[in-house]
Amino acid sequence: MANLIIDNVSVSFPLYHGESRSLKKTMFAAASGRLGEDRKHRLVVEALRNVSFSLHTGDRLGFIGSNGAGKTTLLRTMAGIYEPVGGNITIDGAITALLDPGQGMNFDMTGRENIRLRGLFNGVNDAQIKQLQADVAAFAGLDQFLELPVRTYSSGMVVRLGFALATAIKPQILLMDEWILAGDASFLDKARHRLETMVRGAEILVLSSHSAEIILQWCNRVIWMDGGQIKADGTPEEVLAAYLPPEQFAQAMAAAGVSA
Amino acid sequence: MDLSHAARASRRPVSITAAHNWRDRAATAAADIAETWRLWPLVWTLSMLDIRLRYRGSLLGPFWLTLSTAVMVGSIGFLYARLFHQNVAGYLPFLSISLVLWNFINTITSEGSLCFTQSESMIRAMRMPLSLHAARVVVRNIVVLAHNIVVIVVVFAIFRTIPSLSSFSVLPACALWVIDAMAVSLILGIFGARFRDIPPIVASIVQIAFYLTPIMWNPVMLKHRGLSIVLVEWNPFYALLEIMRGPLLGNPLEPSAWAVALVYSAALVALAGFVFMHARSRIAYWV
């Protein structure tokens, strides 16, 4: 059983301007007794405001919304990277977040070393790390490149390694941002196949995408984010019908092969 | 690949709550450090890879550090023994320990103040305990220090310096050093992530401390002068160096140095705890 409960979560980013970030300014402000005022008037961007929903085994959630609506921030918050300034998140289950192609890899280390580090992070033993390295090497098709520093890879190879690495250890909860769907065509087919088996295996999937077609194919629930708040929450058909212009919606429905 | 049963069983539900009181903050900070402890194999591997990375393709590898320390001790040792009218046989062992230990302090402060900013991509890619990045800097530098100990051993062998019986007190002193190094990395790392001016400021303060602390010069030279109270007796660097250096050079255990070292360390750990509890949840936003 996996659960992911987001309860009244708010996230805000402090805006540090060139000057307010410097020690000098803060020190002078403190010395002149203005620190309190500075803190109160500190500019923040409210990236998420009072977001609540809960996910259980079998849920396939899609996020839609314009750029800057808070989709990626919400994914990062759900992964536990950004801690909320208000509210509570409960993560029950092994979670993997596919948020950016680099996947926290150290670009000066070799591909093999990065795989080893990921294995250690997930608490697997040496034999399993070997298996993991073989698995990632086979999937990413990097073979001898695995002995070279990641810095020497092409950007497509970095995506392949990052993707293979993140999907090699099967999570119970999978969070994905849309970057995965960028890549060369042959890899994309392979990736899509792997993701599909993985999505079937993952107990909870959360996907952020601009593609209505993918959302319709993969999700059974959609949340529309707008200005850091939930604007709509329902089945993909309901929410997409409200979100998209009618002709685009019909097009997406036809492409996804779902009858309206 | 599926996670092993053990790995999966160890995953209890994680609850992340916006902390509003100090008890919550203390609990999450303690959980963070406990998680780093659990991930010890990762900390160790990261540290070793860091060192290997630094010397990838070089002939001597990390022993370049040993060599450069040896050259420094050898060249500076003979010059300063002359300048200070010291006996080389007494001065060189003193200088070798002092320089090796100071190297450690120097790298802990400079690398510690960058420990979070340099791990930015990891911090922003997945949830992991934040104290892990500080522990990585500490472990890495302990390994570097271990390479440099060779220099001390060789110098001691050449001059037949015999450590005193109280040398066993070096073991608790090492433990104190590790704890202090962790505290310093956490404090400086957090300030360095929030204020980007911190790393250069720290570097220049440490540089000044190097000349003011009895590292190149022996504290005996200042004895019976007023200056020695400030530069020696109340100097935290001196106390920390002396609890390691004194017994190894054959001097008796010095309770006053231990007292000063313990008081400063307690203050340091308390400050680290406070800063970490206060700022832990914001580090991901700062890097």
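These numbers come from a predicted model, not from an experiment.

Asks: Any chance you could explain the environment of alanine 242 of chain A here in plain terms?
Replies: Residues and elements named next belong to chain A. Take alanine 242: it is sitting in helix 9 (residues 236-243). According to the C-beta neighbour criterion, alanine 242 is partly exposed, with 13 such atoms within 10 Å. The sequence separation of alanine 242 and arginine 192 amounts to 50 residues, and the corresponding C-alpha distance is 28 Å.

Asks: What is the right way to read the sheet that holds strand 2 (residues 44-56) of chain A from this model?
Replies: Strand-to-strand pairing in sheets goes through backbone hydrogen bonds, with the strands running parallel or antiparallel. As summarised here, the arrangement of the four strands in space is 2(A)-1(A)-4(A)-1(B), forming an open sheet in which the pairing is antiparallel. Of all the strands in the sheet, the pair left with one neighbour each is strand 2 of chain A together with strand 1 (14-17) of chain B. In this sheet, neighbouring strand axes are inclined to one another by 20° on average, regardless of whether the strands run parallel or antiparallel. Examined bridge by bridge, strand 4 (residues 86-92) of chain A and strand 1 of chain B share four bridges and lie antiparallel to one another. Counted as the bridge partner of asparagine 88 of chain A is threonine 17 of chain B from strand 1 of chain B.

Asks: What is the right way to look at the confidence of the model for chain B in this model?
Replies: When pLDDT is low, close inspection of the predicted coordinates is not appropriate. All names here are of chain B. Mean pLDDT over chain B: 88, with 96% of residues reaching 70 or higher. Confidence over residues 4-10 falls short of pLDDT 50; this stretch has nine contacts with residues more than four positions distant or in other chains. Per the prediction output, this complex has pTM 0.87; the corresponding ipTM is 0.82.

Asks: So what exactly am I meant to see when it comes to the pairing of strand 3 (residues 60-64) of chain A here?
Replies: Side-chain positions along a regular strand alternate between the two faces of the sheet. All names here are of chain A. Burial of strand 3 is extensive: five of the five residues sit out of reach of the surface. Of the two faces of strand 3, the one carrying Arg60, Gly62 and Ile64 and the one carrying Leu61 and Phe63 are both buried. As paired strands, strand 3 and strand 7 (residues 204-208) are joined by four bridges and run parallel to one another. From the neighbouring strand, arginine 60 faces strand 7, where its bridge partner is leucine 205. In the sheet, strand 3 pairs with strand 8 (residues 221-226) via four bridges, with the strands oriented parallel. Considered in strand 8, the bridge of phenylalanine 63 is made with isoleucine 223.

Scoring rules and cut-offs
- Residues numbered from 1 in each chain as written.
- Chains lettered and ligands numbered in written order.
- Predicted model: local features only at pLDDT ≥ 70, side-chain atom pairs only at ≥ 80, totals over all residues.
- Helix = DSSP H or I, 4+ residues; strand = E, 2+ residues; numbered from the N terminus.
- Buried ≥ 20, exposed ≤ 12 C-beta atoms within 10 Å, placed from the backbone.
- Pairing = 2+ DSSP bridges.
- Axes fitted to C-alpha atoms, helices over the stretch in contact; angles between N-to-C directions.
- pLDDT = per-residue confidence, 0-100.
- Contact = placed C-beta atoms within 7 Å.

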